[in-house]
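One-letter residues, chain by chain:
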Amino acid sequence: MRMSKQEKKGLVPEQRFPEFRDAGEWQLLNGDNVFDQISNKYHNSDLPILAITQEYGAIPREEINYHVSVTDKSIESYKVVETGDFIISLRSFQGGIEYSNYKGLCSPAYVILRKKIDVSNHFYKQFFKTNIFIQSMNKNIEGIRDGKMVSYKQFSELLLPYPFPNEQQKIADCFTSIDELITTQTQKLEALKTHKKGLMQYLFPAEGETVPRLRFPEFRDKGEWEVCSIEKLVYKEIIFPPKDGNHGNIHPKSSDYVEYGIPFVMANDIKNGNINLEGCSHISKAQADSLQKGFAKEGDVLFTHKGTVGEVAVINKIEFPYLMLTPQVTYYRVIKKESLLNKFLSFSFCSERFKNKLSEVSGGGTRAYIGITEQRKLVVVLPPELEEQQKIADCLSSIDELITAQSQKLKSLMTHKKGLMQQLFPTIDEVNA
């Protein structure tokens, strides 16, 4: 078995399970000492075609609604992937090497790896997704960022850590248990989102109806909801902005950005009801004040209408006097609070009825767009009493709080796993230095 000279120096992870602290240093083996390249094209084209993804690894296309037309003739040249195989994809320089939990077929463009010595597949499944491995691959292999595939020859020259099999298994089991927790917490998060979506379908009237299918007992005899266009609400001075939409209409240059100042909110800073202020660019308050437009304040409802269409968020308490908005974002401000709650308006923008209308008028894809004129034609449906708006807003807000708490729990687990990866896998470069 070929081993590099660096391997003789050995390496040890920052953290180690107690039973292995005196087990000596890990070895470093070249990639082709651990994995063979597999190119098995013997099949009857009756296996599922796998999509090679960074998020799911290798997974049957139909499970993620991945639709790419392929001819029967081309499938004949596809390679067989066995459960436990690894696949080098075009994006491996970015997201590592993918693992397959499925037997299926993949494009002949991919490189399939299969273990040739006694190693834990799940140990390398974790290692191939670490920043340690990805950085090592990018550093040692030139020319892969221009879309070229990492070849088996290039992979063979990479150095892979090789602890004794029982330590590999211990590390693999540790990460498997964390992955199971992450899966469970992800399922809980998706269940909450599904519950909210289903509840909204019942709490807001469906298309063509003026009464919701589910109504709180105290409002069941309160009559029909009012169908209002955005233009009608503006005309009644219930919401703002005026005719020009009062979205940002500014295009700062990168040289205008400062480290601390007024956040400049773009469409992609708004997602799932939240505004990512930490990820926003900033412009100086002096420059922002001079523009005198696009000022969104606490309580305003933000609505993305270009590129990303239909993301909605309410500006909660902020430490800034206002936020600046890109032309891709419109803000709506409730003027007559005795007639409309801003939180209810934001949930109205997320209702199925409103979203369906959005899809009709905005086109789709990366060029999706809905201008101010079309926005003003959009329709919301309002309960006759403010108390019913409040009841619905409180109900859905409580679910949002659960979703936020669950998202934080999931984020903490993933951060914990990332930190553990840095501790349980040694940095190879330090050994090579």
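Cut-off values and rules
- Residues numbered from 1 in each chain as written.
- Predicted model: local features only at pLDDT ≥ 70, side-chain atom pairs only at ≥ 80, totals over all residues.
- Heavy atoms only, no water.
- Helix = DSSP H or I, 4+ residues; strand = E, 2+ residues; numbered from the N terminus.
- Buried < 20%, exposed > 50% of the residue type's maximum accessible area, 1.4 Å probe, protein only.
- Contact = heavy atoms within 4.5 Å.
- Areas by Shrake-Rupley, 256 points an atom, 1.4 Å probe, with all protein chains shown as cover.
- Polar contact = N/O pair within 3.5 Å; in protein donor to acceptor, adjacent residues only side chain to side chain.
- Axes fitted to C-alpha atoms, helices over the stretch in contact; angles between N-to-C directions.
- Parallel < 35°, antiparallel > 145°, perpendicular 65-115°, else oblique.
- Left-handed = near helix turned anticlockwise from the far one by under 90°.
- Nonpolar A, V, L, I, M, F, W, Y, C, P; charged D, E, K, R; others polar.
- Core = buried A, V, L, I, M, F, W, Y, C linked by side-chain atoms within 4.5 Å.
- Phe/Tyr/Trp six-rings, centres within 6.5 Å; stacked < 30°, edge-to-face > 60°.
- Lys NZ or Arg CZ within 6 Å of the ring centre and 35° of its normal.
- Pairing = 2+ DSSP bridges.
- Salt bridge = Lys/Arg side-chain N within 4 Å of Asp/Glu carboxyl O.

Undergrad: Got a minute to help me understand the overall build of the chain in this structure?
TA: Broken down by element type, the chain carries 14 helices and 23 strands. Seen through its principal axes, the chain has C-alpha atoms that stretch 80 × 55 × 45 Å. Here the chain holds 433 residues, and the buried ones make up 47% of them. Considering only contacts within the chain whose residues lie at least 6 apart along the sequence, 75% involve residues at least 24 apart. For the chain, the exposed area adds up to about 22800 Å²; of that, 49% sits on carbon and sulfur atoms.

Undergrad: Would you explain the side chain of Gln406 in this entry?
TA: Examined against the element boundaries, Gln406 turns out to sit in helix H13 (residues 386–424). A distance of 2.5 Å separates the side chain of Gln406 from the side chain of Gln185, its partner in a polar contact. Once residues within four sequence positions are removed from consideration, Gln406 is found in contact with Gln185, Lys188, Leu189 and Leu192.

Undergrad: Got a minute to help me understand the packing of helix H10 (residues 342–349) against H13 in this structure?
TA: The axes of two packed helices give the description: the angle between them and the distance between them. Contact geometry for H10 and H13: axes closest at 9 Å, N-to-C directions at 70 degrees. On the basis of the axis angle, H10 is roughly perpendicular to H13. As for the relative orientation of H10 and H13, their crossing is left-handed in sense. In contact with Lys343, Phe344 and Phe347 of H10, H13 contributes Gln389, Ile392, Ala393, Leu396, Ser397 and Asp400. Considered class by class, the residues forming the contact of H10 with H13 number 5 nonpolar, 2 polar and 2 charged.

Undergrad: Would you mind showing me how to read the nonpolar core here?
TA: Generally speaking, nonpolar side chains in soluble globular proteins are found buried as a group. Counting 83 residues, the largest nonpolar core has Tyr124, Phe128, Phe155, Ile239 and Phe349 as its most contacted members. When residues of this core are assigned to their parent elements, the largest contribution, 11 residues, is made by helix H7 (residues 165–203). Every residue in contact with Ile239, bar those within four places of it in the chain, is listed here: Ile230, Leu233, Val234, Tyr332, Arg333, Val334, Ile335, Leu340 and Leu345. Judged by nonpolar contacts, the second largest core, of 15 residues, contains Ala267, Ile270, Ile275 and Val329.

Undergrad: Looking at this model, I keep getting lost on the packing of H7 against H13. Mind explaining?
TA: Between H7 and H13, whose axes approach to 10 Å, the crossing angle comes to 165 degrees. In terms of orientation, H7 lies roughly antiparallel with respect to H13. Judged by the sense of rotation from one axis to the other, the crossing of H7 with H13 is left-handed. Here the contact of H7 with H13 is built from residues that sort into 23 nonpolar, 6 polar and 7 charged.

Undergrad: For this particular structure, what's the right way to read the packing of aromatic side chains?
TA: Remark: the centre distance and the inter-plane angle together describe each pair of aromatic rings, the angle taken between the planes. The final tally for this structure, using the stated rule, is 26 aromatic pairs. Ring geometry for Tyr124 against Phe128: centres 5.8 Å apart, planes inclined by 40 degrees, an arrangement best described as tilted. For Phe128, a relative accessible area of 0% gives the class buried. Over the aromatic face of Phe17 sits the side chain of Lys170, whose NZ or CZ is 5.4 Å from the ring centroid. The residue whose ring lies beneath Arg213 is Tyr202, and the NZ or CZ to ring-centre distance is 4.8 Å.

Undergrad: Please clarify how the pairing of strand S10 (residues 159–162) should be interpreted in this entry.
TA: Looking down a regular strand, the side chains alternate between one sheet face and the other. Side-chain alternation along S10 places Leu159 and Pro161 on one buried face and Leu160 and Tyr162 on a second face that is also buried. As judged from the 4 bridges shared by strand S1 (residues 27–30) and S10, these two strands associate in the antiparallel manner. Bridge pairing in S10 links Leu28 to Pro161.

Undergrad: Explain the sheet that holds strand S19 (residues 301–306) to me, please; I cannot follow it from the model alone.
TA: Strand pairs in the sheet, formed through backbone hydrogen bonds, run parallel or antiparallel to each other. If you trace the 4 strands from one edge of the open sheet to the other, you get S12-S22-S19-S20, paired in antiparallel fashion. Both outer strands of the open sheet, strand S12 (239–240) and strand S20 (308–314), are each paired with one neighbouring strand and no more. With 5 bridges connecting them, S19 and S20 associate as antiparallel partners. Across the sheet, Phe303 pairs through a bridge with Val312, a residue of S20.

Undergrad: Would you mind going over the pattern of salt bridges with me for this structure?
TA: A side chain with one charge may pair with a side chain of the opposite charge, provided their charged atoms come close. According to the stated counting rule, one finds 20 salt bridges in the structure shown. With a shortest N-O distance of 3.2 Å, Lys236 and Glu226 are connected by a salt bridge. You can see Lys236 sitting in the loop between helix H8 (230–235) and S12 and its partner Glu226 sitting in strand S11 (residues 226–229), a full 10 residues away along the chain. Lys236 gets classed as partly exposed once you look at its relative accessible area, which sits at 34%. Look at Glu226 and you get partly exposed, because its relative accessible area is 33%. Between Asp289 and Lys285 there is a salt bridge whose closest N-O contact spans 2.8 Å. On the criterion of helical spacing, the pair formed by Asp289 and Lys285 is a turn pair, its members being 4 residues apart in helix H9 (residues 285–291).

Don't take any of this as a statement about function, it's just geometry.
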